[in-house]
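A closer look at the structure
The chain contents come next:
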Amino acid sequence: MTFLDGTRSVHAGLPAPAVGEPFLPGPVFAAPYHLDPVTGPGERGYARTEQPTREALEAAIGELEGGPALAFASGQAAITAMLLALVKAGDTVALPGDGYFAVRAFARGALADLGVASVLVPTAGPYPDFTGLRLVLLETPANPGLDVADIAALADAAHAAGALLAVDNTAATPLGQNPLALGADLVVASGTKGLTGHSDLLLGYVATRDAELLGKIESWRKLTGGVPGAFDCWLAHRSMATMDLRLARQTQNAAAIAELLTGRSDVTGVRWPGLPSDPSYPVASKQMRRIPGIVAFDLGSAERVGRFLETAELVFAATSFGGVHTTADRRAQFGDDTSPGFVRFSCGIEDTADLIADVTRALDASR
Ligand SMILES: *Cc1c(COP(=O)(O)O)cnc(C)c1O
């Protein structure tokens, strides 16, 4: 049988029921396991290669993404592993010019030093001819600007040019969109954000249906070692059971916040791909099953953002997004090329009426 998202979140990656066993087995803490000294490791020798708690989490992510997944210690570990395992000197990759800043920094530094060139492309386009590229990475919706790219159309264009198409699915989550089903060769993501949603761990993953690509990345992980620990894998898997509920409330809150903000003359640049007036709306509504709870807007100055966050009781000043607590991040403090008053606002799962009242009060007080 095929199931809906809430059911899939709860059951993803669970072992078959066995009498006397827990629904989700607890974390297995081991680096080495007992060995048979004569026949060798068998199924389990050492946790960098074989780890049952990690494998259960990977099964869960793989079910939701629609292709086998490999977990990494962070989103950056996953993205850089994919790039380093699949590109070589002389290759050129296309990266989002408005996506996660650390990926661009990695391309400018380590990739360039290895002789891999990169071209930066805005998520909203226009996209260049992909001829001669080894890999195109999309990030959609892009963090922090929330532009959206047409995955199916760009997968076709990449494949026609002989390039691989990878999609950073962090903001959307696998319940928001399934890039592999839309034609992408690879999905990469940070599991630190909405996938796990409790702001208590770092995680990343790569998923692909291509056995050769999967093998290369798995071998890369085994030899470079960026695996997540057993406890984080278990926490992540446990958290994924509530993903559908968390995302539903976050989306509901974002819709209300976006409506509130667009109705105010003292807030500019409101972006939420679920708003029919948003430039991302046509593509987002076609390719996404739900719109994430992240809203972008501008309060005009760093000082006003400061006053807004001092007044708001329910909005924590913090980076990251997708957690159960509402947070706001003034990106320019990290040297992003956003304006000083630009805010990436991540809706938590608080009651919508409380959040709207708190944000309204804080916006009024900060004017
Ligand atoms: C946070 C983030 C990453 C990096 O993930 P970490 O888990 O922090 O390493 C990569 N891509 C996007 C879109 C992100 O938001």
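Sequence positions are assigned chain by chain, starting from 1 and proceeding in written order. For a predicted model such as this one, the threshold for reporting local features is a pLDDT of at least 70, and the threshold for listing and counting side-chain atom pairs is 80 or more; totals across whole chains, interfaces and linings nevertheless cover every residue. Side-chain calculation: all heavy atoms of the structure are included, whereas hydrogens and water are not.

A few words on the overall build of the chain. Each helix and strand in the chain was counted, giving 11 helices and 12 strands. Rg of the C-alpha trace for the chain: 21 Å, near the compact-globule value of 21 Å for 367 residues, within the 12% margin. Each principal axis of the C-alpha atoms in the chain carries an extent, and together these give about 75 × 55 × 40 Å. Relative to its full complement of 367 residues, the chain shows a buried share of 52%. Note on definitions: a residue-residue contact is assigned when non-hydrogen atoms from the two residues lie within 4.5 Å. Long-range pairs, those at least 24 residues apart, make up 70% of the contacts in the chain between residues at least 6 apart in sequence. Using a 1.4 Å probe, the Shrake-Rupley method yields the accessible areas, and only the shown protein chains count as cover for residues. Total accessible area on the chain stands at roughly 15,700 Å², and carbon and sulfur atoms take up 59% of it. For helices the rule is a DSSP run of H or I covering at least 4 residues; for strands it is a run of E covering at least 2, with both sets numbered from the N terminus onward. Each radius of gyration reported is based on C-alpha atoms, and the globular scaling rule is 2.2 Å times the count of residues to the power 0.38. Note on exposure labels: buried denotes an accessible area under 20% of the residue type's maximum, exposed denotes more than 50%, and partly exposed covers the range between, all computed with a 1.4 Å probe on protein chains only.

Consecutive residues of a regular strand have side chains that alternate between opposite faces of the sheet. For strand 6 (residues 186–190), the buried fraction is high: five of the five residues fall into the buried class. Neither face of strand 6 is exposed, since Leu186, Val188 and Ser190 on one face and Val187 and Ala189 on the opposite face are all buried. Two elements, strand 5 (residues 164–168) and strand 6, share three bridges in a ladder whose sense is parallel. Bridging across to strand 6, Val167 finds its partner in Val187. Two strands pair under a simple rule: DSSP has to find at least two bridges between them. Sheet analysis places strand 6 next to strand 7 (residues 204–207), joined by four bridges and oriented antiparallel.

Any two of the Phe, Tyr and Trp rings considered here, Trp counted by its six-membered ring, make a pair once their centres fall within 6.5 Å; the pair's planes then place it as stacked at under 30 degrees, edge-to-face at over 60, or tilted in between. For the structure on display, the rule yields five aromatic pairs. A ring pair is formed by Tyr127 and Phe130, whose centres lie 6.2 Å apart and whose planes are at 80°; its orientation type is edge-to-face. The interplanar angle of 85° and the centroid separation of 6.5 Å between the aromatic rings of Phe297 and Phe308 together place this pair among those described as edge-to-face. You can see Phe297 sitting in strand 9 (residues 294–298) and its partner Phe308 sitting in helix 10 (residues 302–311), a full 11 residues away along the chain. Just as Phe297 is buried, Phe308 falls in that class too. Pairwise contacts between aromatic rings join Phe297, Phe308 and Phe345 into one cluster. The residue whose ring lies beneath Arg221 is Phe72, and the NZ or CZ to ring-centre distance is 5.7 Å. As a reminder, the over-ring test applies to NZ of lysine and CZ of arginine, requiring each to be within 6 Å of the ring centre and within 35 degrees of the ring normal.

Okay, the pairing of strand 2 (residues 92–96) next. For strand 2, a buried count of four out of five residues is recorded, marking the element as mostly surrounded by other parts of the structure. By the bridge criterion, five bridges tie strand 2 to strand 3 (residues 117–121) in an arrangement that is parallel. Bridge assignment links Thr92 to a residue of strand 3, and that residue is Ala117. For the crossover that starts at strand 2, traverses helix 4 (residues 101–113) and ends in the parallel strand 3, the hand is right-handed. In the sheet, strand 2 pairs with strand 4 (residues 135–139) via two bridges, with the strands oriented parallel. Bridging from a neighbouring strand, Val93 pairs with Leu135 of strand 4. Look down the strands so they point away from you; if the path from the first strand over the helix to the second goes clockwise, the crossover is right-handed.

All right, on to the domain arrangement of the chain then. How big an interface is tends to be reported as the loss of accessible area on association of its parts. Those domain boundaries reflect an automatic or database domain assignment. Under the domain assignment, the chain is made up of domain 1 (5–240) and domain 2 (243–366). Taking the mean C-alpha position of each, domain 1 and domain 2 sit 26 Å from one another. Residue-level contacts link 38 residues of domain 1 with 29 residues of domain 2. When two components associate, each loses some accessible surface as probed by a 1.4 Å sphere; the sum of these losses over both components is called the buried area. Overall, the association of domain 1 and domain 2 removes approximately 2,600 Å² of surface from exposure, summing both partners, and the carbon and sulfur fraction of that is 55%. Each reported salt bridge corresponds to a side-chain nitrogen of Lys or Arg within 4 Å of a carboxyl oxygen of Asp or Glu. At the junction of domain 1 and domain 2, the tally comes to four salt bridges.

This brings us to the sheet that holds strand 10 (residues 316–317). The strand order across the open sheet formed by five strands is 8-9-12-11-10, and the pairing between neighbours is mixed. Each of the sheet's edge strands pairs with one partner strand only, and the pair in question is strand 8 (268–271) and strand 10. Against the sheet, helix 10 engages strand 10, strand 11 (327–330) and strand 12 (342–346), with an angle of about 165° to strand 11. Each axis is a line fitted through C-alpha atoms, and for a helix only the stretch in contact is used; angles between axes span 0 to 180 degrees, taken between their N-to-C directions.

Turning our attention to helix 3 (residues 75–86). Its 12 residues give helix 3 an end-to-end C-alpha distance of 17 Å, which sits within 8% of 16 Å, the value for a rise of 1.5 Å per residue. Among the 12 residues that make up helix 3, nine are buried, leaving the element largely enclosed by the rest of the structure. When we look at burial in helix 3, the residues that qualify are Gly75, Ala78, Ile79, Thr80, Ala81, Met82, Leu83, Ala85 and Leu86. What a helix should span is 1.5 Å times the count of its residues minus one.

Turning to the sheet that holds strand 7, a few remarks are in order. Strand order in this open sheet of seven strands is 1-7-6-5-4-2-3, and the pairing throughout is mixed. Each having just a single partner strand, strand 1 (69–72) and strand 3 make up the two edges of the open sheet. Neighbour-to-neighbour, the strand axes of the sheet open up by a mean angle of 20°, direction not taken into account. On top of the sheet, helix 3 reaches strand 1, strand 4, strand 5, strand 6 and strand 7; it is set at about 150° to strand 6, its chief contact.

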